[in-house]
Amino acid sequence: MSIRQELLSVIEQLNHEQLSALLDLALSFKNEEKSVNPTVESQAYQNWVSPENDIYDQVFADELTAR
């Protein structure tokens, strides 16, 4: 399977939000931008690092209550 076919296969499985992030990244490559800032500034990334997705409070809950 060629790289193009593999990529198309993966793309077919992505949801709208994932496709949006992938499009931002692909456009930055197309425009020969060397920075990853479009990815870091994407809504998907912002959702991932948001306080609602903070797992540390859950992982270290025992230590937090001990203090």
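This text gives an overview of the structure that appears in the document. (Residues numbered from 1 in each chain as written. Predicted model: local features only at pLDDT ≥ 70, side-chain atom pairs only at ≥ 80, totals over all residues. Heavy atoms only, no water.)

**Describing the overall build of the protein**
Here is step 1: Within the protein, the secondary structure is distributed over 6 helices and 0 strands.
Here is step 2: Mapped from its N terminus to its C terminus, the protein presents α and β elements in the order α-α-α-α-α-α.
Here is step 3: A buried classification covers 4% of the 67 residues belonging to the protein.
Here is step 4: As displayed, the protein has an accessible area near 6,200 Å², and 56% of this comes from carbon and sulfur atoms. (Helix = DSSP H or I, 4+ residues; strand = E, 2+ residues; numbered from the N terminus. Buried < 20%, exposed > 50% of the residue type's maximum accessible area, 1.4 Å probe, protein only. Areas by Shrake-Rupley, 256 points an atom, 1.4 Å probe, with all protein chains shown as cover.)

**What about a nonpolar patch on the surface?**
Here is step 1: Residues Ile55, Val59 and Phe60 make up a contiguous nonpolar surface patch of roughly 280 Å² in combined accessible area.
Here is step 2: Note that Val59 resides in helix α5 (residues 56-59).
Here is step 3: Judged by its relative accessible area of 54%, Val59 is exposed. (Patch = residues over 30% accessible without salt bridge, like charges linked within 9 Å, V, L, I, M, F, W, Y side chains within 5 Å. Salt bridge = Lys/Arg side-chain N within 4 Å of Asp/Glu carboxyl O.)

**Details of helix α2 (residues 16-30)**
Here is step 1: Here α2 is 15 residues long and its end C-alpha atoms lie 20 Å apart, about the 21 Å a rise of 1.5 Å per residue gives.
Here is step 2: Of the residues flanking the start of α2, the one acting as N-cap is Asn15, its side-chain oxygen 3.0 Å from the backbone nitrogen of Glu17. (Expected span 1.5 Å × (residues − 1). Polar contact = N/O pair within 3.5 Å; in protein donor to acceptor, adjacent residues only side chain to side chain.)

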